[in-house]
Each structure stands twice: as C-alpha cells, then as structure tokens.
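Structural description and commentary
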Amino acid sequence: MSRTAVNRLLLGVVGAVLLVAGLLVLLGGLDLYRRLGLDPPSRWPLASPDRPVLGVRARTRWEDRSWWWPVVIGGLSLLVLGIGWWLLAQLRRSGPATVLLPTPGVSGLRLRLRTRALEEAVESGAVVLPEVERVGVRLVRGRRHPRLRAAVRMTPGGDPAALAEHFETGPRTGARASLGLPELPAELRIRVVAARPEVTGRQHRRNKRPRVL
Amino acid sequence: MSGGGGEPLAGDTPADPAAEPAPKVPRLRAPRTTAAVVVATVLLILAVALLYDVVAVRAGQPARQWRTDLADELAARHPDDLAVLLGAGAATLLGGWLLWLALAPGLGRWLPLRPHGDTAAAIDRAGVAALLADRAAVLPGVEHLKVRINRRRVRIALVGPADPASVQRQLRAELAAVTLAGPLRLDVRTAGRGRRAGAAPVSEEESVPQEQPVREGSAARGSAAKGGAPEGTAPEGPARGGGGE
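Below, the structure is looked at part by part. (Residues numbered from 1 in each chain as written. Chains lettered and ligands numbered in written order. Predicted model: local features only at pLDDT ≥ 70, side-chain atom pairs only at ≥ 80, totals over all residues. Heavy atoms only, no water.)

Brief notes about the sheet that holds strand β5 (residues 186-192) of chain A
- In space, the five strands of this open sheet follow the order β3(A)-β4(A)-β5(A)-β2(B)-β1(B), with mixed pairing throughout. Edge positions in the sheet fall to β3 (132-140) of chain A together with β1 (110-112) of chain B, since each of these pairs with one other strand and no more. Averaged over all neighbouring strand pairs, the angle between strand axes comes to 25°, with direction disregarded.
- Sheet strands touched by helix α5 (residues 115-126) of chain A: β3 and β4 (147-154) of chain A. Its angle to β3(A), the strand with the most contacts, is close to 155°. (Pairing = 2+ DSSP bridges. Helix = DSSP H or I, 4+ residues; strand = E, 2+ residues; numbered from the N terminus. Axes fitted to C-alpha atoms, helices over the stretch in contact; angles between N-to-C directions. Contact = heavy atoms within 4.5 Å.)

Examining the interface of chain A and chain B
- Contact with chain A, which involves 72 residues of that partner, is made by 74 residues of chain B.
- With both chains or domains summed, chain A and chain B bury close to 6000 Å², and 69% of this area falls on carbon and sulfur atoms.
- With a shortest N-O distance of 4.0 Å, A:R172 and B:D118 are connected by a salt bridge.
- Elements with a contribution of two residues or more to the side of chain A that touches chain B: α1 (3-29), α3 (56-59), α4 (68-91), α6 (160-179) and β5 of chain A.
- The element contributing the most residues to the side of chain A that touches chain B is α1(A), with 17 residues.
- When grouped by side-chain class, the residues that make up the side of chain A that touches chain B number 38 nonpolar, 18 polar and 16 charged.
- Here β5(A) runs beside strand β2 (residues 119-124) of chain B; their pairing, made up of five bridges, is parallel. When the sheet's bridge partners are listed, A:E187 is paired in β2(B) with B:A120. (Buried area = accessible area lost by both parts, 1.4 Å probe. Salt bridge = Lys/Arg side-chain N within 4 Å of Asp/Glu carboxyl O. Nonpolar A, V, L, I, M, F, W, Y, C, P; charged D, E, K, R; others polar.)

Following this line, the structure appears as structure tokens:
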C-alpha cells in the first residue's frame, strides 16, 4: 500500500474516532435523545446527561480480571510501535535508493543503478527541451514500477502540451529504453513563469495596488 | 473513438470534442504527509505517556498526577458540563477535519492535462492564468486585465475598448492548446471604463478581415450561451448580434 493510502486511511480512522466520540458526548450532554424522541438501547454509552462521562465503576470494571492488564499493556505497546512506524514512514525518503535493472541473457548478475544518477540523467535531458527554465526530477515508488516525478518551470507563453509531448518522447522514453526497463511512467508538473506578474490572477483584491517608490 | 472515424463527417466533428476527454484522467491526490506527521506525533506522545504510567503503576509506583486528575474529572463531570461540551465540540470539529483530509483529494491547484503516452502531466492553476493573461495582454484594445481562476472556471475582467467576445474567442483557442483533461469555463467581461463607447469600432477594424459579421455573430451567441450568468455578457449579446446584421 502506498504511503498516500496509509496516511489517508489512518487519518480517516483517527478522525472517525474523534468525530464519533465527540458526537456521542454532544448528543448525551445536550440531551438530544430525549428532545428528538429517540430511544437509545440500554447499553448505549453517554445516553443521559445525569451520569458521569466515565465513572469509576466503568473505568475499573475489568481491573480484577487476570487478562485486563496484559491486554491493556500489550495493546498500548502495539499502538506505540504502530504509530512509531507510521511516523518513521513519513520521514523516510519517498523513493528507492537504487533501481534494479534487467540483465537479459546474463544470469547471476544483479545490476543496480543509483536513483540519483537516473534522476540527473533525466534532468539534464529535460532542461535542454524548448521552453524549459528549470527542472527537478525525483524517482518515487509507484504501484508496480518506480515512477519519475518531474517539476518543470516553463517560460512565459510556452505550450504545455508540446512540453509534455517533448518530455514523453525525449528524456522519459530515452531513459526507459537505455535502461531496458519494461515501464517507467512519469508525472510532469508544469509551472509557468509569469511574464507580467501584475496581471496574473490572485492579486484581484484591489483595483489599484499601492505603488512603493 | 476509433469507431467514430467511419461515421459521416457532419456527425463526426461535434462528437470529437465530447469523445476526447473520455479517458478519465484522475485528479492528483495529496500524500498528506504534514497532517500524518502531526497526528502521529501527538498520538505517539499520548500513547507513550499512558503506557509508561500504566507500567509504572503495575510495578508498584504511584500513578502520576495527570492521570489521577483526569480520572477524577471524568468521574465527576457530567456530559452537560460546559467544559465537557466544549471538549466534545472541539473533538467533533477536529475529527471532521481529519476525515476531510482523508477523503478530499487535495492538490487543487494542479489541473491534469490529457495524457501523453506514459507521462501524466499537470499544470498549475496560476500557470494557466499566466498563460491566458500573457496572451490577452498583447491583444489590441486590452489596456489592463485581471484573471481569476478556480478549478472550474476562469473569469477575466478586462479594461479597454476591446470586444470581450473576440477576446474570449482568442483566449478559448489559447486554453484549448493547453489540452486540460477536464473542462474549464471561460468568462470574459469588460470592467470599468471603456465599456460601451469604444467597443464596436475597435473590434471591427482590428479583428480578422473577412467574414467579420459571421464570426462576430457566432462569438456573441457563444458568449451569451456560455456565460449566461455574468452581468456583463448577457445584455451585450443580443445588442451586438442586432448591430452585426
């Protein structure tokens, strides 16, 4: 599962837990069950504003059972490990360090290319394309194959469709073919350098902007 | 799409623009790294503190002050207590916001282009605005303009004697050259001075020489049909079409 999917799933779980807990307390505290004529089941938590949020009896209900403390401590330990892994996954570099290249016809040889070398090769191929001002290329993990992620700054008045076509037929195809990779998909993010910063969007709040002399 | 190639030409041309965006290009999805770091850090601190204290109590130490305080407060306060309600409201809002972060795609400023082979390109919204502004600024009769863009539409307010319909036609060609994967509406209107007086003459002498009335009429029709909502174009459309005939 990709990092994006893991992050979104876990954020969703945490958010759902907070949302449900908050809503339960709000429903009970504002006595909305009675006002709306709802009849919660008998074991429903926080159904009435007259009982404490977490009473002593509820908190210590299973304290004398033999399984309670091992389960609490084990569960908390798993939680700490899992969250620690989640946090470390954010800090890790998002791409592989090397790319394994196919070696057809040669057995017993594992050929690896440093990711940075591939990134630099694609960068130097892309920066000489017409209308390109600046390029940054990263190799990130993809679903099955690694994928190139290129951020390009295009000169004003450029043609983004032509730029994408040039990138596809030039550096990307060249890198894929020369490495003999079966697939090397790419993402291209194009920004445009504004020729006249005073007329491009975002600055629409005032008709006349103050001039600083 | 290839099946449509055998159809008669008259049916083919209108079908083409509708058929081209058919391969649905997905929106970019943000990885949500920052939110994950913040949430994971907070949860890790809470879980480690709780685990440490639970183990310490099991080992015979007294519980920490914060845990006994928390347990006492939770046992004493009722759900209709103001502090509890405020806390629950905050938790609800925070939970809803985290759910929103989990579900919403994010990266709204990147508009995907139609794919070129294995390259999935996207252009940034301000970049599209800059391209349109650069193109419009060199058109005759445009003195000043503002471009506002969101995911669905571009709104251009121009000052000057230029005819908004012809500016819109030129900009639509520029926008089509960007080959965005999704539709982006384009509304051009005149703002401020130079709105009525200079509009007709300048556009007539400056636009493409032949077939002037036809393009003028079709452009006015297009702008009236397209941007029906904005105040600027709706009244102007019929008046302009009548003048051309």
